[in-house]
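# Structure at a glance
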Amino acid sequence: MDFLRPASWEEALAAKAEHPTAVPIAGGTDVMVEINFDHRRPEYLLDLNRIGELSEWEVGEENVLLGASVPYSAIMENLRTELPGLALASHTVASPQIRNRGGVGGNLGTASPAGDAHPALLAADCEVEVESVRGSRLIPIDAFYTGVKRNALAADELIKRVHIKKADGPQQYSKVGTRNAMVIAVCAFGIALHPETRTVRTGIGSAAPTPIRAKAAEEFLNAALEEGGFWESRKIITPSIAKQFAELASGSANPIDDVRGTASYRRHAVGIMARRTLGWTWESYRGEGRSSIEGVA
């Protein structure tokens, strides 16, 4: 196994073009586990740790440009307001040591359905900026996951950053594991309210071959909120709407039985998390409305 260590982004792209099978490594929290267990033995490792721009982020007017190697701990500390769902997901990642090393780029590159960042990214909505010596492009998150641990990257492309929409409403994230820390998700659920567009987006992890959105649940809820005037009134969502949303979210899952949990348990848990996170986010939205009225008064 040869170790390639470029000193700049341009050198990294050139190395990836020359060695398309090279496996990028930054935090190494996924790659090193696979190598140590002899599940993977790449011919080349492409070390990206010397490329400082991958660990930077920029808060714009509408989006956060998040470098592929920004560690989860930095997201938790610095981007709670702009990316609340991703910050909550970052809290659930393994241990403090791994949160100081791992980043969203690694989750996206590995494309495991159990990656903790995926549900939050799907719910928030984002685009993945990838680049090669041929140029750069933006891949919508909905088109990024192409199969079990497969993504839309070409062989010579690297992930540079993620363009994530800044939160314009409450977001939540929930994860079920076999214990409270250092655990791969049995299943996970993310939700984001987007009051500016009067829409709700979701993300489901570890309950299908790829990370997915609960689109049927979203469509039902978007219609129910609009027809019932909930966005303007901020009134409590009725139990029947919450129940139907949860059932549709559960039905969107396509899980398997494995050592962490059964398919039926995963479907049940997704429904429970969908109902609870909807309740939490909507109550926050209602609270924002009350605060605004009190401020005017």
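Let me begin by describing the structure that accompanies this report.

So, how was this worked out
- The residue count restarts for each chain, going from 1 along the sequence in the order it is written.
- The model is predicted, so local features are restricted to residues of pLDDT at least 70 and side-chain atom pairs to those at 80 or more, both for listing and for counting; the totals for chains, interfaces and linings are taken over all residues.
- Where side-chain values are given, they derive from all heavy atoms of the structure, hydrogens and water being excluded.
- Should DSSP find at least two bridges between two strands, the strands are taken to pair.
- Secondary structure elements follow DSSP: runs of H or I of four or more residues count as helices, runs of E of two or more count as strands, with numbering from the N terminus.
- In this analysis, axes come from line fits to C-alpha atoms, helices being fitted only over the stretch in contact, and the angle between any two N-to-C directions falls in the range 0 to 180 degrees.
- Here a Phe, Tyr or Trp ring, Trp counted by its six-membered ring, pairs with any other such ring whose centre lies within 6.5 Å, and the pair is stacked when the planes are under 30 degrees apart, edge-to-face when over 60, and tilted otherwise.
- Buried residues are those whose accessible area, probed at 1.4 Å on protein chains only, stays under 20% of the maximum for their type, while exposed residues exceed 50% and partly exposed ones sit between those limits.
- A ring has a charge above it when a Lys NZ or an Arg CZ is no more than 6 Å from the ring centre and no more than 35 degrees off the ring normal.
- Only protein atoms enter the 1 Å grid used here. Points where a 1.4 Å probe fits but cannot escape make up a cavity, open sets with protein on both sides within 12 Å along at least five of seven lines make up a pocket, and a residue lines them when an atom lies within 4 Å of a point.
- Grid points are joined across faces, edges and corners, and a volume is the space filled by probe spheres set on the points.
- Residue polarity is assigned by list, with Asp, Glu, Lys and Arg as charged and Ala, Val, Leu, Ile, Met, Phe, Trp, Tyr, Cys and Pro as nonpolar; anything else, Gly included, falls into the polar class.
- Every case where a carboxyl oxygen of Asp or Glu lies within 4 Å of a side-chain nitrogen of Lys or Arg is listed as a salt bridge.

Pairing is antiparallel across the open sheet formed by 5 strands, whose spatial order is β4-β5-β10-β6-β7. A strand with exactly one partner marks an edge of an open sheet, and here the two such strands are β4 (57-59) and β7 (135-140). Averaged over all pairs of adjacent strands, the angle between their axes in this sheet comes to 20°, without regard to strand direction. Bridge count for strand β5 (residues 63-67) against strand β10 (residues 158-165) is 5 bridges, and the pairing is antiparallel. Its bridge partner lying in β10, L65 is registered against H163.

Another point: the packing of aromatic side chains. Overall, the coordinates contain 6 aromatic pairs when judged by the stated rule. Judged by centre distance (5.6 Å) and plane angle (90°), the ring pair of F144 and Y145 falls under edge-to-face. Here F144 matches Y145 in class, with each residue buried. Relative to Y285, the ring of W231 has its centre 5.4 Å away and its plane inclined at 80°; by these criteria the two rings are edge-to-face. One end of the pair, W231, is in helix α9 (residues 230-233); the other, Y285, is in helix α11 (residues 263-296), and 54 residues separate them in sequence. Given a relative accessible area of 5%, Y285 falls into the buried group. Through a chain of ring-to-ring contacts, the aromatic side chains of F230, W231, W282 and Y285 assemble into a single cluster. If you follow R234 out to its NZ or CZ, it ends over the ring of Y285, 4.0 Å from the centre.

Let us now look at empty space enclosed by the protein. Going through the model one piece at a time under the given rule, you end up with 1 cavity of 30 Å³ or more. The computed volume of the largest cavity comes to approximately 40 Å³. In terms of lining residues, the largest cavity is bounded by L83, G85, L86, A120, L121, A124, I164 and Q171. Looking at the lining of the largest cavity, the elements that each hand over two or more residues are α4 (84-91) and α7 (118-124). The element contributing the most residues to the lining of the largest cavity is α7, with 3 residues. Looking at the lining of the largest cavity residue by residue, the class counts come to 6 nonpolar, 2 polar and no charged.

Turning next to the layout of surface pockets. One number sums up the size of the second largest pocket: a volume of about 280 Å³. Lining the second largest pocket are 14 residues, and of these K165, K166, D168, H194 and E196 sit closest to its centre.

Turning to the pattern of salt bridges, a few remarks are in order. Enumeration according to the criterion identifies 18 salt bridges in this entry. We note a salt bridge from D142 to R201, for which the minimum N-O separation is 3.5 Å. With D142 in the loop between β7 and β8 (145-147) and R201 in strand β13 (residues 199-205), this pair connects stretches of sequence that are 59 residues apart. Residue class for R201 comes out buried when judged on its relative accessible area of 11%. Put simply, D125, D142, R201, R213 and E218 are held in one network by salt bridges that share partners.

Of all 8 residues in strand β12 (residues 187-194), 8 are buried, a share of seventy percent or more. The alternating pattern of β12 places C187, F189, I191 and L193 and A188, G190, A192 and H194 on opposite faces, both of which are buried. Alignment of strand β11 (residues 171-176) against β12, held across 6 bridges, turns out to be antiparallel. Its bridge partner lying in β12, V176 is registered against C187. Of the pairings in the sheet, the one linking β12 to β13 comprises 7 bridges and is antiparallel in character. When the sheet's bridge partners are listed, F189 is paired in β13 with I204. Connecting the antiparallel pair β12 and β13 is a turn made up of 4 residues, with R198 showing a positive phi of about 55°.

Quick look at the environment of S233 now. Assignment of secondary structure puts S233 in helix α9. It is 37 Å that separates the C-alpha atoms of S233 and V93, two residues lying 140 residues apart in sequence.

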